[in-house]
Each structure stands twice: as C-alpha cells, then as structure tokens.
Amino acid sequence: MRARRIRSAWGALVAGVASVATLPVAVYLTRFSARYELLHAGLAIPLGGGLGLAALALSGRIRRLSALRVDRRAATLARLAWLLGLAGVCLALAGVVALLVYALLEYAGTRD
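Below: a short report on this structure. Throughout, residues of each chain are indexed from 1 in the direction in which the sequence is written. Only residues with pLDDT of at least 70 get local features here, since the model is predicted, and only at 80 or more are side-chain atom pairs given and counted; chain-wide, interface and lining totals rely on the full set of residues. As a convention, hydrogens and water are excluded, and side-chain values are obtained from all of the structure's heavy atoms.

### Here we look at the overall build of the protein chain
So the rule is basically this: The helix count covers DSSP runs of H or I at least four residues long, the strand count covers runs of E at least two residues long, and both are numbered beginning at the N terminus. The reference for a compact globule is 2.2 Å times residues^0.38; the radius of gyration itself is calculated from the C-alpha atoms. In this scheme, a residue with accessible area under 20% of its type's maximum is buried, one over 50% is exposed, and one in between is partly exposed, where area comes from a 1.4 Å probe on protein chains only. Throughout, a residue-residue contact means that at least one pair of heavy atoms, one from each residue, lies within 4.5 Å. A positive count includes Lys and Arg, and a negative count includes Asp and Glu. His and the chain ends are not counted in either. The atom standing in for a charge is NZ when the residue is Lys, CZ when it is Arg, CG when it is Asp and CD when it is Glu.
Broken down by element type, the protein chain carries three helices and zero strands. Counting helices and strands in the order they occur from the N terminus, the protein chain gives α-α-α. Relative to the globule expectation of 13 Å for 112 residues, the C-alpha radius of gyration of the protein chain, 18 Å, shows a markedly less compact shape. Dimensions of the protein chain along its principal axes, counting C-alpha atoms only, are 65 × 30 × 15 Å. Relative to its 112 residues, the protein chain shows a buried fraction of 32%. Excluding contacts between residues fewer than 6 apart, the proportion of contacts in the protein chain whose partners are at least 24 apart in sequence is 74%. Where the 14 positive side-chain charges of the protein chain centre and where its 4 negative ones centre are 28 Å apart.

Structure follows, in structure tokens:
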C-alpha cells in the first residue's frame, strides 16, 4: 500500500510540473514557427489548468491517506505536487486574464 501512495504522489508531482511548464513552453514555441503565433499559445491554457487541477486533486487525496498512516515521503511529494498544481492553475488564470485584456483592447481598437 505504501508503494502505491508513493507512485501516486510521483504521478501528482509529474502532473504539477507539467501544469507549470505547459504555458511557458507553448509561448516559447511561438518563436520558432511562422504560422504559430503568440495568440495561438492560448490554446494551451485549458491543458495547463486541467493538469494543475489534476495535481491538486491527486495530491489532496494522497495527503489525506498519508496523514492517516504517517507516510512522510508520500506526504512531502504530495505537498510539493499541491504547490506546483496551484502554481499551474494560477498560470492558467493569468493566461485567461491576458487573453481577456487582449480581446478588450482589440474591441476598443476597432470601434470608431
């Protein structure tokens, strides 16, 4: 049972790292393509947010189970995964705000 909690904690950690890395990687890749523009990087926002929410959900479950059985390694990994998942969700929300500001400026720029 302990090995399963540690594997789950590692899975939550991978989801957290992926959620934090998704949006910056999408923005960075816009530099190398003529057809893929910065606005298209906004398509990565739901992926990053979803991975962040998955990391939060997995890590919360592991932290509750580890607290019952005092498994320090799994609890530490779950805590780190929770922090990374939270950061990934915050990055996704910041991306949504950026897209909304862009849309507002586009709308204000097209009005006469």
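### Describing empty space enclosed by the protein
Cut-off, in case you're wondering: A 1.4 Å probe that fits into a set of points on a 1 Å grid over the protein atoms alone but cannot get out defines a cavity; an open set with protein on both sides within 12 Å along at least five of seven lines defines a pocket, and lining residues are those with an atom within 4 Å of a point. Grid points are joined across faces, edges and corners, and a volume is the space filled by probe spheres set on the points. Residues are grouped as follows: nonpolar covers Ala, Val, Leu, Ile, Met, Phe, Trp, Tyr, Cys and Pro; charged covers Asp, Glu, Lys and Arg; every other residue, Gly included, is treated as polar.
Taken as a whole, this structure holds one cavity of 30 Å³ or more when the rule is applied. When its volume is computed, the largest cavity comes out at roughly 30 Å³. If you trace the largest cavity, you find it lined by Ser19, Leu23, Ala44, Ile45, Gly48, Gly49, Gly88, Leu91 and Ala92. Considering only residue class, the lining of the largest cavity consists of five nonpolar, four polar and no charged.

### Topic: helix H1 (residues 2–29)
The condition that has to hold: One less than the number of residues in a helix, times 1.5 Å, gives the span that helix is expected to have.
Here H1 is 28 residues long and its end C-alpha atoms lie 39 Å apart, about the 40 Å a rise of 1.5 Å per residue gives. When H1 is considered as a whole, its buried residues turn out to be Arg5, Ile6, Ala9, Ala12, Leu13, Ala15, Gly16, Ser19, Thr22, Leu23 and Ala26.

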